[in-house]
Amino acid sequence: VTDRVAAPRTTLTQPDGRHVHLYGAHRQAPEGYVAPLISEGIAQRRWHPLRQEWVLVSAARQTRTFLPDLAQCPLCPSLPGHSSEIPASAFELAVFDNRFPAMRDRGCCEVVVYTDQHEGTLGTLPPKRVSDLVDVWADRYRELSQRPDVRYVFIFENRGEAVGVTLPHPHGQIYAYPFIPPVVRRELDAGRRYAARGKGCLLCALVLAEVQAGQRLLISDGGIVAYVPAYARWPYEVHVAPEDHRSSLTDLSPSARAALAGILQRVSRAYDRLFDRPMPYMMAVHQRPTDGRRYPQAHLRVEFYPTLRDAGKLKYLAAGECGAGTFVAEGMPEERAASLRTLM
Ligand SMILES: [Zn+2]
Ligand SMILES: [Zn+2]
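Residues numbered from 1 in each chain as written. Chains lettered and ligands numbered in written order. Predicted model: local features only at pLDDT ≥ 70, side-chain atom pairs only at ≥ 80, totals over all residues. Heavy atoms only, no water.

## Side note on helix α6 (residues 333-341)
Cut-off, in case you're wondering: Exposure is judged per residue with a 1.4 Å probe applied to protein chains only, and the accessible area is read against the type maximum: over 50% gives exposed, under 20% gives buried, and values in between give partly exposed. Every helix listed is a DSSP run of H or I at least four residues long, and every strand listed is a run of E at least two residues long, numbered separately from the N terminus. As used here, the arc is the angular range of directions from the helix axis to the C-beta atoms. Whether two residues are in contact is decided by their heavy atoms: any pair within 4.5 Å suffices.
Within α6 the residues assigned to the buried category are Pro-333, Arg-336, Ala-337 and Leu-340. Taken end-on, α6 shows its buried residues confined to a sector of 100°, consistent with a single buried face. The elements touched by buried residues of α6 are β9 (217-221), β11 (238-242), α4 (254-274) and β14 (308-310).

Laid out in structure tokens, this is it:
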């Protein structure tokens, strides 16, 4: 629909060849800036013959000391005496190649920094910034999808120490996989089978059903809806998707992208209000693969997997989930939706 890139982009190349894309306004790095170097290490793909899926092996040998003070945040702007990952003393949004990539030869790993402010969340950022973020995602999807070694652009965010994040600085990541990951493959197969029965797009049908039922619907705004799916696996799991069939962020109009950004913020805020503490979550964006094949069944979707089921209780993935692939969801999705709706 549009090739608009919201913010002007400046691309810098670090001495080790890694790229830094600065979106929007920025100020130059201070004099004496020393770029961090990519970690030495091994990144391999190993095939799991039983599960029929890839395992990424990332064995970084973390030998280099690159920061004047390791306690200082690598995602904050660079200041005299503090050289961060971002060669700028002020910036809006920044994307850079991960220094500890899980993929090296084929595919790539990027870090998306939402702001140059150290504190904050998707929910507390200015609305314009989150709207720009969605445009940056679209830009990254578009650019990475053109690489012949990239078959799937996976945009995601892990937030909170409970999901292993040690940096509080607001950021997400992008894994540009040289294969279509198994969860996506399985969902696309389900969509293909559904369409083969002459029923059209599976997700279009699921979204319509949620809108019509209304019971688990949280928000409908600007053609984008958020709902707790009937089949939610995580406590307070929320899916966000366009009502009309759109297969990637680049297929959304600028106004639909802004609507999506607004809804992501509202979901994030509701999560933080739920237990009056920052909700740890994983956020995953599902889009059309980029391997050059046709995927008419692909329907853009953002999924949130919050990990708190109660104020002090974490949902752990245990034997049932990991060993058998079967979630036990404590609590009714309809009740979860009702609780979240009052906080939107
Ligand atoms: Zn920081
Ligand atoms: Zn659809």
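## Thoughts on the packing of helix α1 (residues 127-145) against α4
Note the threshold: Between N-to-C directions, angles span 0 to 180 degrees; the directions come from axes that are lines fitted to C-alpha atoms, helices contributing only their stretch in contact. Angles below 35 degrees are treated as roughly parallel, those above 145 as roughly antiparallel, those between 65 and 115 as roughly perpendicular, and all remaining angles as oblique. Left-handed describes a crossing in which the near helix is turned anticlockwise from the far one by less than a right angle; the clockwise case is right-handed.
Running from N to C, α1 and α4 point in directions that differ by 120°, and their axes come no closer than 8 Å. One element, α1, and the other, α4, form an angle in the oblique class. α1 and α4 meet at a crossing whose hand is right-handed. Each of Pro-127, Val-130, Ser-131, Val-134, Asp-135, Trp-137 and Ala-138 in α1 lies in contact with α4, whose residues at this interface are Arg-257, Ala-258, Leu-260, Ala-261, Leu-264 and Gln-265.

## Some remarks on the environment of Leu-308
As for its placement among the helices and strands, Leu-308 is situated in strand β14. When its relative accessible area of 1% is taken as the criterion, Leu-308 is described as buried. Taking C-alpha positions, Leu-308 is 36 Å from Leu-37, a pair spaced 271 residues apart along the chain. Not counting residues up to four positions away in its chain, the partners in contact with Leu-308 are Pro-235, Tyr-236, Phe-275, Arg-277, Met-279, Pro-280, Lys-313 and Leu-314.

## Digging into the state of the cysteines
Here is the rule: The rule for a disulfide is simple: a pair of cysteine sulfur atoms within 2.5 Å.
All chains considered together, the criterion is met by 0 disulfides. Cys-109 takes part in no disulfide bond, and the closest cysteine sulfur, belonging to Cys-108, lies 6.7 Å away.

## Overview of the coordination of the zinc ion (ligand 2)
What counts, and what does not: Coordinating N, O and S atoms are those within 2.8 Å of the metal (3.2 Å for Na, K and Ca), and as water is not part of the atoms, a site may appear to have fewer donors than expected. Every geometry call rests on angle ranges, with four donors termed tetrahedral when all angles are between 85 and 135 degrees, four termed square planar and six termed octahedral when opposite donors are over 155 degrees apart and all others are between 65 and 115, and everything else termed irregular.
At the metal site, the zinc ion (ligand 2) is ligated by Cys-201 (SG), Cys-204 (SG), His-245 (ND1) and His-299 (ND1), and these contacts range over 2.0 to 2.3 Å. Here the zinc ion (ligand 2) is ringed by 4 donor atoms whose angles at the metal span 106 to 113°, and the overall shape comes out tetrahedral. As a motif over one chain, the donors of the zinc ion (ligand 2) read C-x2-C-x40-H-x53-H. Residue His-245 is located in the loop between β11 and α4, and its partner His-299 is located in the loop between β12 (281-286) and β13 (301-306); the two are separated by 54 residues in the primary sequence. Residue classification places His-299 among the buried positions, given a relative accessible area of 5%.

## Details of the coordination of the zinc ion (ligand 1)
Taken together, Cys-73 (SG), Cys-76 (SG), His-118 (ND1) and His-169 (ND1) make up the protein donors of the zinc ion (ligand 1), found 2.1 to 2.4 Å from the metal. Coordination at the zinc ion (ligand 1) comes from 4 donor atoms whose angles at the metal span 104 to 117°, giving a geometry best classed as tetrahedral. Site description for the zinc ion (ligand 1): donor spacing in sequence, C-x2-C-x41-H-x50-H. Placement of the pair is Cys-73 in the loop between β4 (53-61) and β5 (88-97) and His-118 in the loop between β6 (108-113) and α1, with a sequence separation of 45 residues.

## A short note on the pairing of strand β1 (residues 9-13)
So the rule is basically this: Strands are treated as partners if at least two bridges between them are detected by DSSP.
In terms of strand pairing, β1 meets strand β2 (residues 19-28) through 5 bridges, oriented antiparallel. If you follow Thr-13 over to β2, its bridge partner there is His-19. The antiparallel hairpin formed by β1 and β2 contains 5 residues in its connecting segment, where Gly-17 sits at a positive phi of about 95°.

## A few points about the packing of aromatic side chains
Which entries qualify depends on this criterion: Think of it this way: a Phe, Tyr or Trp ring, Trp meaning its six-membered ring, pairs with another when their centres are within 6.5 Å, and the plane angle makes it stacked under 30 degrees, edge-to-face over 60, tilted otherwise.
Under the definition given, this model contains 13 aromatic pairs. Residues Tyr-271 and Phe-304 carry aromatic rings whose centres are separated by 5.7 Å and whose planes lie at 70° to one another, so their mutual orientation is edge-to-face. With Tyr-271 in helix α4 and Phe-304 in strand β13, the pair connects residues that are 33 residues apart, well separated along the chain. The exposure class assigned to Tyr-271 is buried, which follows from its relative accessible area of 0%. Following the ring pairs from residue to residue traces out a cluster consisting of Trp-47, Trp-54, Phe-154, Phe-156, Tyr-175, Tyr-177 and Phe-179.

## Here's the deal with the environment of Ala-29
Positionally, Ala-29 belongs in the loop between β2 and β3 (40-48). Setting aside residues no more than four positions away along its own chain, Ala-29 makes contact with Pro-87, Ala-88 and Ser-89.

## Observations regarding the pattern of salt bridges
Defined as follows: Whenever a carboxyl oxygen of Asp or Glu lies within 4 Å of a side-chain nitrogen of Lys or Arg, that contact is scored as a salt bridge.
For the structure shown, the criterion picks out 23 salt bridges. One salt bridge in this structure joins Glu-334 and Arg-216, with 2.7 Å as the shortest N-O distance. Within this pair, whereas Glu-334 is found in helix α6, its partner Arg-216 is found in the loop between α3 (202-213) and β9, the two being separated by 118 residues in sequence. On the basis of relative accessible area, Arg-216 is assigned to the buried category, the value being 11%. Notably, a salt bridge pairs Lys-315 with Glu-330, separated by 4.0 Å at the nearest N-O pair. Separated by 15 residues along the polypeptide, Lys-315 in the loop between β15 (313-314) and α5 (319-324) and Glu-330 in the loop between α5 and α6 bring together distant segments of the chain. Within this structure, Arg-9, Glu-110, Asp-139, Arg-140, Arg-142 and Glu-143 form a network of salt bridges that share partners.

## Some thoughts on the nonpolar core
Stated formally: Side-chain atoms within 4.5 Å are what join buried Ala, Val, Leu, Ile, Met, Phe, Trp, Tyr and Cys residues into a set we call a nonpolar core.
Trp-137, Val-238, Val-240 and Phe-304 are the most contacted members of the largest nonpolar core, which has 55 residues in total. Counting residues per element, this core draws most heavily on α4, which supplies 10 residues. Apart from residues no more than four positions distant in its own chain, Phe-304 is found in contact with Glu-237, Val-238, Val-240, Leu-264, Val-267, Tyr-271, Tyr-281, Met-282 and Met-283. If you look at the next biggest cluster of nonpolar residues, it comprises 18 residues, including Val-184, Leu-188, Ala-284 and Tyr-305.

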